[in-house]
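# Close look at the chain arrangement
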Amino acid sequence: MNPRCEEIQSRLDEWLDNELNPVSRAEVTTHLTECAECRDVFTSFDLLNRNLVGLSSAADRIATAPRPPRIIRPFATPLRIAAAIALLATAGLGVRSALHRPDSPSQIVPPPVVVAENSAAPTIVASTPTLAVSLPTRNPHISIVMLYEPVRLPSASPAESKPSL
Amino acid sequence: MLEGPPAANAAADQTAAPTSLDELRRRMLGFAIKLVWNRDDAEEIVQDAFQLSLTKGPAVTDPALAPWLYRTVTNLCLNQRRRRPPQPLADWLDPQDATSPSDAVERAESIESLRAAIGNLPDQQRIALILRNMQQMDYNEIAQVMQLSVAAVRTHVHLARRALANKLGGSQ
């Protein structure tokens with residue numbers, strides 16, 4: 001390689017980076033019209049630079065492309081709902097059994113309460129003396145009836161009723 | 001005949017200072033994609049980098065944030081272990097660059113082989129080349145990101161270009 005070609009090719013990076021002043025650029029261009037060897041070198045680097053721009057554009061398109069929509073499976077939602085219902089039902093049963101755990105055998109069997117159904121005015125028949133409180137609702141045919149057992153006060157002990165002498 | 005270096009595409013113009021965190025995030029995503037070539041991987045890496053910046057990075061208003069993020073994204077990309085396959089380039093090339101279908105195929109193959117050749121460069125050369133030619137950063141900014149002198153960055157870019165031209169163009 002002659003010194004002139006060496007000097008021109010040392011400006012290759014500046015030429016690629018567009019950092020050459022107009023005079024230097026004109027010198028390089030003039031030399032390239034005369035020297036096939038240097039022209040080949042510059043052409044290959046020029047092609048590389050253009051392909052780098054193409055590659056960069058492709059990367060920018062990948063970066064800015066809208067994301068593909070998520071695949072929605074049609075059975076996913078009903079299955080989730082069914083699973084949620086099953087879970088809630090199981091949890092509800094567990095909570096209920098924990099709250100209503102019988103402490104004594106008498107609580108296992110509730111006191112018999114019979115509602116006469118075929119009469120015009122329903123009648124509540126309880127086996128023990130019970131206080132019934134009726135709460136009306138918006139529906140005239142439905143009332144909420146709450147049954148209270150009578151309160152049993154503790155009886156006085158014989159020692160208190162008969163003071164010792 | 002040679003017409004001079006091609007003008008950078010508008011989308012890749014990274015020289016202006018980022019005006020917002022969203023703009024900074026967009027630049028980091030573009031840079032990460034140029035390193036790993038997979039959008040999902042790149043988004044995860046950028047997310048990790050921003051997360052790290054909250055605890056270890058400069059403040060949001062600090063001008064040093066952008067170089068710090070470039071450096072962090074670079075390290076995360078280089079240290080990435082699980083890697084998804086790179087996205088094929090054929091669908092992402094500009095069809096206007098090709099004059100015919102055969103030209104488009106030839107150009108896609110050429111750019112695909114360029115991508116592979118860039119991936120085989122030494123890390124310093126690869127990062128310097130991507131920042132200079134694909135992120136359109138100037139040498140001072142690249143030196144700040146890579147924590148090298150400007151002369152060292154110029155050398156890395158020069159060596160990378162020469163290696164790629166030798167491999168792809170058959171240059172001397």
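Residues numbered from 1 in each chain as written. Chains lettered and ligands numbered in written order. Predicted model: local features only at pLDDT ≥ 70, side-chain atom pairs only at ≥ 80, totals over all residues.

## Considerations on the overall build of chain B
Broken down by element type, chain B carries 7 helices and 0 strands. Going from the N terminus to the C terminus, chain B shows its helices and strands as α-α-α-α-α-α-α. Across the 172 residues in chain B, those meeting the buried criterion constitute 34%. In chain B, the share of contacts with a sequence separation of at least 24, taken over all contacts with a separation of at least 6, comes to 57%. (Helix = DSSP H or I, 4+ residues; strand = E, 2+ residues; numbered from the N terminus. Buried ≥ 20, exposed ≤ 12 C-beta atoms within 10 Å, placed from the backbone. Contact = placed C-beta atoms within 7 Å.)

## Observations concerning the environment of Ala32 of chain B
All names here are of chain B. Along the chain, the position of Ala32 falls in helix 1 (residues 21-36). For Ala32, a count of 27 C-beta atoms within 10 Å translates into the label buried. Along the chain, Ala32 and Val73 lie 41 residues apart, while their C-alpha atoms are 6.6 Å from each other. Excluding residues that lie within four positions of it along the chain, Ala32 makes contacts with Ala42, Ile45, Val46, Val73 and Cys77.

## With respect to helix 1 of chain B
The terminal C-alpha atoms of helix 1 of chain B, which comprises 16 residues, lie 22 Å apart, in line with the 22 Å expected from a rise of 1.5 Å per residue. Three or more residues of helix 1 of chain B are buried, namely Leu24, Arg27, Met28, Leu29, Gly30, Phe31, Ala32, Ile33, Lys34, Leu35 and Val36 of chain B. Looking at the packing, one finds that the buried side of helix 1 of chain B touches helix 4 (36-64) of chain A together with helix 2 (39-56), helix 3 (65-79) and helix 5 (123-134) of chain B. Within two residues after helix 1 of chain B, Trp37 of chain B carries a phi angle of roughly 60 degrees, on the positive side. (Expected span 1.5 Å × (residues − 1).)

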